[in-house]
Amino acid sequence: MSEPEKIIIIGSGPAAWTSAIYAARASLQPLVFEGAVSEENRLASTLPLGQLALTTEVENYPGFPAGDLTAYLDGAIAGQRREYMAPHRKEGVSGPELMELVRQQAINFGTRIITEDIVDVDFSAHPFKLTASDGVTYESQAVIVATGARANYLGLPSEEKYKNRGVSACAVCDGALPRFRNKPLAVFGGGDSAVEEADYLTKSAEKVYLVHRRAELRASKFMVQRAADNPKIEIVWNRTLAEVLGNDRDGVTGVRLQSTVGEPEWQLAVAGVFLAIGHTPNTAFLKDKLALTEKKYLRWTTPGRTATSVEGVFAAGDVADDYYRQAVTAAGSGCMAALDAERWLAAR
Ligand SMILES: Cc1cc2nc3c(=O)[nH]c(=O)nc-3n(C[C@H](O)[C@H](O)[C@H](O)COP(=O)(O)OP(=O)(O)OC[C@H]3O[C@@H](n4cnc5c(N)ncnc54)[C@H](O)[C@@H]3O)c2cc1C
């Protein structure tokens, strides 16, 4: 085996690429495992470039006000990848464009990339050992895990059909888009985040139906009260989503709701469907290797730092954050992880 790497970064969302930019500029020659282009990752929505690559407009990432980016993208992204990108159609940046830009920025400073998953790790001895999906094992002095999380969906074909055309799993990301503004919307879920999403959407929606499969919300008392106090929220009890209704021109136009207590089905006219049924962090390959939270997120072990339960292994982005879950916060903690790793390496 050749010399251990100074730093390996696992992941390919805003956290991973930001870590790579900082690590590369600190002369750590980072090696990024951006994930494999596999059917398994396609089905799990974990293909390279992360969650942002699954969306269209990104209106809340700083630095991209309205404007036509075509010429900039032509100049910034290297040859073939630019050719394969979808034509720029929006007056602002799209998720895939933003991720291509930040990936390119990491490459420009010398980041090397391997398009494979990391499927196993050995953090019990130093240097750490990481095994990729092609069977090759790599050694590294420091590791940043930035493997993100994925939003849970119900798995309905109609839900898949209308993703980005009225079906979303992130109110903060998409709620202010013109297609949802001043329209009736439906949120599915019954926990704190479902109430939070519904409450957030009422800032711009005409009305929000909070649809829950039981007769009582799982959310905390405080959040239940918040839902009750908001005149724009109407709670629909004992119902689940049977089908998202829509058409090619308008996207989502309604939902068909099934009763969980044997009542007849009915339909609601809504312009948007927001799933708030949790997220799954991409930590399965780290089970028993790093401390996880109850919800299986990576645990940051030092307040305000990105250290994990193993010295020399750092975590960044949604894989360790079940609360903010935004591109800019992921990028921010990616920067922190690279600085933490650089200082840790220097101190050794
Ligand atoms: C539909 C949608 C729309 C969104 N819109 C916005 C928005 O408008 N604005 C906003 O700020 N946020 C938005 N978000 C949230 C935002 O995308 C996330 O907060 C952000 O992408 C998290 O970044 P991350 O770097 O932690 O990882 P992720 O983006 O989750 O990427 C991690 C990636 O790492 C790779 N990976 C995983 N496991 C492995 C492994 N074992 N080996 C190698 N690679 C691996 C996979 O490709 C995975 O997708 C949206 C999310 C979704 C789902």
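Below: a short report on this structure. (Residues numbered from 1 in each chain as written. Predicted model: local features only at pLDDT ≥ 70, side-chain atom pairs only at ≥ 80, totals over all residues. Heavy atoms only, no water.)

This next bit is on the sheet that holds strand 12 (residues 239-247). Taken in spatial order, the three strands make up an open sheet running 12-13-14, and their pairing is antiparallel. One side of each edge strand has no neighbouring strand; the edge strands of this open sheet are strand 12 and strand 14 (266-269). On average, adjacent strands in this sheet sit at an angle of 30° to one another, irrespective of strand direction. Examined bridge by bridge, strand 12 and strand 13 (residues 251-259) share eight bridges and lie antiparallel to one another. In the strand pairing of strand 13, G246 is matched with V252. (Pairing = 2+ DSSP bridges. Helix = DSSP H or I, 4+ residues; strand = E, 2+ residues; numbered from the N terminus. Axes fitted to C-alpha atoms, helices over the stretch in contact; angles between N-to-C directions.)

With that out of the way, let us pick up the pattern of salt bridges. Taken as a whole, this structure holds 17 salt bridges when the rule is applied. We note a salt bridge from K289 to D120, for which the minimum N-O separation is 2.9 Å. With K289 in the loop between strand 16 (279-281) and strand 17 (313-315) and D120 in strand 4 (residues 118-122), the pair connects residues that are 169 residues apart, well separated along the chain. Its relative accessible area of 36% is what places D120 among the partly exposed residues. Its salt-bridge partner being R256, residue E243 comes within 3.0 Å of it at the nearest N-O pair. Of this pair, E243 sits in strand 12 while R256 sits in strand 13, and the two are 13 residues apart along the sequence. You can call E243 partly exposed: its relative accessible area is 28%. The exposure class assigned to R256 is partly exposed, which follows from its relative accessible area of 23%. Three or more residues are tied together by salt bridges with common partners; here these are E243, R256 and E265. (Salt bridge = Lys/Arg side-chain N within 4 Å of Asp/Glu carboxyl O. Buried < 20%, exposed > 50% of the residue type's maximum accessible area, 1.4 Å probe, protein only.)

Within the open sheet, the five strands sit side by side as 8-15-9-10-11. Their pairing is parallel. Both edges of this open sheet fall to strand 8 (167-168) and strand 11 (233-236), since each of them pairs with a single strand only. Summarising the sheet, strand 9 (residues 184-188) and strand 15 (residues 272-275) pair through four bridges and their orientation is parallel. Residue L185 lies in a different strand from strand 15, and its bridge partner there is G272.

With that settled, consider the environment of I113. By the secondary structure assignment, I113 is in strand 3 (residues 112-114). Taking the C-alpha atoms as reference points, I113 and S158, separated by 45 residues in sequence, lie 36 Å from one another. Among all residues touching I113, those that are not within four sequence positions of it are W17, L31, V32, E34, R103 and I107. (Contact = heavy atoms within 4.5 Å.)

Moving on, we come to the layout of surface pockets. Put simply, the second largest pocket is a space of about 260 Å³. Of all elements in the fold, only helix 1 (14-25), helix 3 (70-76) and helix 5 (95-108) reach the threshold of two or more residues within the lining of the second largest pocket. Looking at the lining of the second largest pocket, the element that brings in the most residues is helix 5, giving seven residues. A class-by-class count of the residues in the lining of the second largest pocket yields 13 nonpolar, four polar and no charged. (1 Å grid on protein atoms, 1.4 Å probe; cavity = no way out; pocket = protein on both sides within 12 Å on 5 of 7 lines; lining within 4 Å. Points joined across faces, edges and corners; volume = space filled by probe spheres on them. Nonpolar A, V, L, I, M, F, W, Y, C, P; charged D, E, K, R; others polar.)

Taken together, 33 residues sit near the ligand, with L47, Q51, N60, D318 and A327 positioned nearest. The side chain of N60 places a nitrogen or oxygen atom 2.8 Å from a nitrogen atom of the ligand. Between the ligand and Q326, the relevant distance is 3.1 Å, taken from an oxygen atom to a side-chain nitrogen or oxygen of the residue. Contact with the protein chains covers 96% of the free accessible surface of the ligand, which is 1000 Å². Among the secondary structure elements, those contributing two or more residues to the shell around the ligand are helix 1 and helix 10 (327-347). Of the residues contributing to the shell around the ligand, the split by class is 15 nonpolar, 13 polar and five charged. (Near = heavy atom within 4 Å. Polar contact = N/O pair within 3.5 Å; in protein donor to acceptor, adjacent residues only side chain to side chain. Areas by Shrake-Rupley, 256 points an atom, 1.4 Å probe, with all protein chains shown as cover.)

Bridge analysis of strand 4 against strand 5 (residues 128-132) gives four bridges, and the strand direction is antiparallel. Residue pairing in the sheet places I118 in a bridge with A132 of strand 5.

Before going further, it helps to examine unusual backbone geometry. The peptide bond linking H126 to P127 adopts the cis configuration, its omega dihedral lying at 0°. Even without glycine at this site, S27 takes up a positive phi of about 60°. Turning to its location among the elements, S27 is positioned in the loop between helix 1 and strand 2 (31-33). Judged by relative accessible area, which is 47%, S27 ranks as partly exposed. One non-glycine residue, D288, lies in positive phi territory at about 65°. With respect to the element layout, D288 can be found in the loop between strand 16 and strand 17. Take D288: its relative accessible area is 70%, and that puts it in the exposed class.

Turning our eyes to something else, we now look at the nonpolar core. Formed by 37 residues in total, the largest nonpolar core has its most connected members in I7, I9, W17 and I144. Going through the elements one at a time, strand 1 (5-10), helix 1, helix 5, strand 6 (137-145) and helix 10 are the ones with two or more residues in this core. When neighbours within four sequence positions are excluded, W17 is seen to be in contact with S12, V32, E34, L49, M99, V102, R103, A106 and I113. Counting residues in hydrophobic clusters, the runner-up holds 22 residues, among them L286, L298, V313 and A320. (Core = buried A, V, L, I, M, F, W, Y, C linked by side-chain atoms within 4.5 Å.)

No statement about biological role is implied by the geometric values presented.
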